[in-house]
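# Commentary on secondary and tertiary structure
Given next are the chains, with one letter for each unit.
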Amino acid sequence: MITFDSVTKRYPDGTVAVDALDLEIPAGKTVVLVGPSGCGKTTTLRMINRLIEPTEGKIFLDGQDIQQANPSTLRRGIGYVIQQTGLFPHRTIEDNIATVPLLNGWAKAKARARARELMELVGLDQGMARRYPHQLSGGQQQRVGVARALAADPPVLLMDEPFSAVDPIVRATLQDELIRLQGELHKTIVMVTHDVEEAIKVGDIVAVFRPGGHLAQVDTPEHLLGAPADDYVEGFIGFDRGIRRLSFFSANSLDLDSDVVLGENATVDEARALAGRGRPWVLVADAERRPRGWVSAADLASRPGTERLGQLPLVPVGHTFRPELDSLRVALDATVLSRTERAVAVESEGRVLGVTSYEQLRDAIRKAEQAADDELAQGAAT
Amino acid sequence: MNWPQFWQYTAANALLGIVPAVVGLAISVPLGIACVRWRWLYGPVLSATSVIYAIPSLALFVVLIPSTGLGNLTVIIPLTLFSLCVLVPNVVDGLRSVPEPVRQAATAMGFGTVRRLVRVELPLAVPIVIAGLRVAVVSSISLASVSTLIGVASLGYFFIDGLQRDFSEEIYAAIVAVIVLALGCDLILVLARRLLTPWSRKQGGRATINAEGGQLLQEQAI
């Protein structure tokens, strides 16, 4: 755990980068510091490994005042990843990664073996071990940066805008990998970003800074979207927070309609019987219950009653979603994109579980928001 | 043409060229580190090396002869001082060429100041330092011929001798020898750079001497 106790950083010219900051960063969590430039988020990060010394206040790492520690020893226990990677151009990838183990006095062979392990962990090809940083792409270099930071297995990892210099597609991949890695490693991660989407995606806790080095709100991403503390936070999060909040509600709560699914050997008559019960669309599935396409009640009217549904022209299924994995946002998106205003829920093998429409979505969203708001109110009460 | 004497003087000339550059490097590295560490020091140091460079070598010989006599040392000391004019700025530029994120990352990994200097900053300065060393060696080899004026053996002897005896082949042979020596040393340094910096993006570095230094060098060589 990292604790900031009334920490202020004032520069000689009088600028206050961080103003009487109190912040607790729980062990094993990813805490993202987010805010506009000049809000003190990077200064806050760099005070943790003493690249910047606070003017007032104290910072504790697991109860120890970091001012009392030897800076080099302290830093070897804290991984550090920066935007420009800061890889050593004159060292091979494996030696870059092995930097801290070597500093800690490991034998070269052992340190390199550790480097290979980490390359594997962050998804780098072993063939790159002997190359130099400039021979790698930006995304690969950033992976090396993460591997290097993790090499000595430090409990704390500091990341200063680690993914802002790579293109959006690579950035999304790196974010996903960080989430995966954190799921395995449970480090105490402090990350700085100016990208609130990134903060909400990777953070367990998001600390929103306002200019002048003050905290505006420290909360889970879900609460941040659901109940921004004030207009500043709301404006900073962006306008479509209602939709984005749906990312935190599981699609599992959806009431799925499984009665509208018929096999491809079913007849037009059977489909008509269903359509008669107020269902304008019928989903046709194959023998393994994988969705094949939609057929509308209007189309059924002109067909002979004994024709098999598999023979009819079908409207494509479009995107499907998996209730046990996906959020309501994914289900809503699939519904919006569907030509039938309905989305198909499938299980891991791709077999149909049921169908959802706007009505079911509306009910599920209302219930999920109600539950989240109740929880918020309870949290506020205690 | 006295070939044994020619080879002997060629070797002497090589020594008079290489030793000052090597000693100059040994002085420039700590001096350059100090100039980077304490910024205010660089201005005065740069001025001092330039002023020294402006002094004609012959004048320095004359000043030194009473204390060091008519020996190699009297030639090596001025040439060493001249080499500082190129080497100090190159050491400083080399150290300053280390990207800030690299320096910061090194500190954050837990390198102390000295270790960071030795393991990160100096290795990264090597291409620029070697570029300066190439200029220093070549100019020292060329300048060394002046030593003949105080009776210290070098290829310069054949210029004077050839002139006095109206023996132009001797002069040409000595000029070729100076050029071959200079190119040979330069080649060795280029190879050394390739060996020392396999990580470097482009091979074949350029000297980053300042305009003033470059001009002075040319004037001295004439």
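Rules and cut-offs
Residues numbered from 1 in each chain as written. Chains lettered and ligands numbered in written order. Predicted model: local features only at pLDDT ≥ 70, side-chain atom pairs only at ≥ 80, totals over all residues. Helix = DSSP H or I, 4+ residues; strand = E, 2+ residues; numbered from the N terminus. Buried ≥ 20, exposed ≤ 12 C-beta atoms within 10 Å, placed from the backbone. Contact = placed C-beta atoms within 7 Å. Nonpolar A, V, L, I, M, F, W, Y, C, P; charged D, E, K, R; others polar. Axes fitted to C-alpha atoms, helices over the stretch in contact; angles between N-to-C directions. Parallel < 35°, antiparallel > 145°, perpendicular 65-115°, else oblique. Left-handed = near helix turned anticlockwise from the far one by under 90°. Arc of directions from axis to C-beta. Pairing = 2+ DSSP bridges. pLDDT = per-residue confidence, 0-100.

If you tally the helices and strands in chain B, you get nine helices and zero strands. Mapped in sequence order, the helices and strands of chain B form the string α-α-α-α-α-α-α-α-α. Viewed in the frame of its principal axes, chain B has a C-alpha envelope of about 70 × 35 × 25 Å. The buried share among the 222 residues of chain B stands at 41%.

Residues and elements named next belong to chain B. Of note, Val29 is situated in helix H1 (residues 3-37). Residue classification places Val29 among the partly exposed residues on the basis of 18 C-beta atoms within 10 Å. When the C-alpha positions of Val29 and Leu95 are compared, they lie 9.9 Å apart, and in sequence the two are 66 residues distant.

A word on the interface of chain B and chain A. Listed per partner, the contact involves 16 residues of chain B and 17 residues of chain A. At the level of secondary structure, the elements contributing two or more residues to the side of chain B that touches chain A comprise helix H5 (100-109) and helix H6 (113-143) of chain B. The class makeup of the residues in the side of chain B that touches chain A is ten nonpolar, five polar and one charged.

Quick look at the environment of Thr99 of chain A now. Along the chain, Thr99 of chain A falls in helix H4 (residues 99-103). The sequence separation of Thr99 of chain A and Thr15 of chain A amounts to 84 residues, and the corresponding C-alpha distance is 35 Å.

Attention now goes to the packing of H6 of chain B against helix H8 (residues 168-196) of chain B. Residues and elements named next belong to chain B. Running from N to C, H6 and H8 cross one another at 165°; their axes reach a closest spacing of 9 Å. Regarding the angle of H6 to H8, the classification is roughly antiparallel. The handedness of the crossing between H6 and H8 comes out as right-handed. Judged by residue contacts, Val126, Pro127, Ile130, Leu133, Arg134, Val137, Val138, Ile141 and Ser142 of H6 engage Val178, Leu181, Ala182, Cys185, Asp186, Leu189, Ala192, Arg193 and Leu196 from H8. Of the residues in the contact of H6 with H8, the class split is 14 nonpolar, one polar and three charged.

It is worth spelling out helix H12 (residues 268-276) of chain A at this point. Residue and element names in this part refer to chain A. For H12, every residue scored as buried is listed here: Val268, Ala271 and Ala275. Looking down the long axis of H12, one finds its buried residues gathered within 60° of arc, a one-sided arrangement. After H12 finishes, the residue Gly278 shows a positive phi value of roughly 75°.

All names here are of chain A. Summarising the sheet, strand S1 (residues 2-10) and strand S4 (residues 56-61) pair through five bridges and their orientation is antiparallel. Its bridge partner lying in S4, Asp5 is registered against Lys58. Looking at chain direction, S1 and strand S2 (residues 16-25) are connected through six bridges and run antiparallel. Looking across to S2, one finds that Arg10 is bridged to Val16. Turn length for the S1-S2 hairpin, with the two strands adjacent in sequence and antiparallel, is five residues, and the turn residue Gly14 shows positive phi of about 100°.

As a further point, take the packing of helix H7 (residues 156-164) of chain B against H8 of chain B. All names here are of chain B. The contact between H7 and H8 brings their axes to 7 Å, and the two run at 165°. As summarised for this structure, H7 and H8 are arranged roughly antiparallel, according to the angle between their axes. Crossing of H7 over H8 shows left-handed handedness. In this structure, H7 uses Phe158, Phe159, Asp161 and Gly162 to contact H8, whose residues at the interface are Ser168, Glu170, Ile171, Ala173 and Ala174. When its residues are assigned to classes, the contact of H7 with H8 shows five nonpolar, two polar and two charged.

In this section: the sheet that holds strand S11 (residues 261-263) of chain A. Across a sheet, paired strands are connected by hydrogen bonds in the backbone, their directions being either parallel or antiparallel. All names here are of chain A. An order of S11-S12-S13 is seen for the three strands of this open sheet, with the pairing classed as mixed. Looking along the sheet, the strands with just one partner apiece sit at the ends: S11 and strand S13 (291-296). Taken pair by pair, the neighbouring strands of this sheet meet at an average axis angle of 35°, ignoring direction. Where S11 lies against strand S12 (residues 281-285), three bridges are found, and the strand directions are parallel. Bridging across to S12, Leu262 finds its partner in Val284. The sheet contacts of H12 involve S11, S12 and S13, and relative to S12 the element is tilted by about 140°.

Now for unusual backbone geometry. Its identity is not glycine, yet Arg289 of chain A carries a phi of approximately 70°, on the positive side. Relative to the assigned elements, Arg289 of chain A resides in the loop between S12 and S13. Judged by C-beta crowding, with 15 C-beta atoms within 10 Å, Arg289 of chain A ranks as partly exposed. Residue Asp166 of chain B is not a glycine yet carries a positive backbone phi of 55°. Mapped onto the elements, Asp166 of chain B comes out in the loop between H7 and H8.

All right, on to the sheet that holds S1 of chain A then. Strand order in the open sheet made by the four strands is S2-S1-S4-S5 (chain A), with antiparallel pairing throughout. At either end of the open sheet lies a strand with only one pairing partner, and these are S2 and strand S5 (64-65) of chain A.

On to the pairing of strand S8 (residues 188-193) of chain A, then. All names here are of chain A. Counting buried residues along S8, six of its six residues qualify, which places the element largely inside the surrounding structure. Bridging between strand S3 (residues 30-34) and S8 involves five bridges; their strand directions are parallel. From the neighbouring strand, Thr30 faces S8, where its bridge partner is Ile189. Here strand S7 (residues 156-160) runs beside S8; their pairing, made up of five bridges, is parallel.

This brings us to H7 of chain B. Within an α-helix, residues lying three or four positions from one another point in the same direction, as the helix has 3.6 residues per turn. Those residues of H7 of chain B that fall on the buried side of the exposure criterion are Gly156, Tyr157 and Phe158 of chain B. Against H1 and H8 of chain B lie the buried residues of H7 of chain B.

Residue and element names in this part refer to chain B. Overall, the prediction assigns chain B a mean pLDDT of 88, with 90% of residues at 70 or greater. Note that pLDDT drops below 50 for residues 203-222; the model gives that stretch 41 contacts with residues more than four away or on any other chain. Taken over the whole predicted complex, pTM reads 0.80, whereas the ipTM for its chain interfaces reads 0.81.

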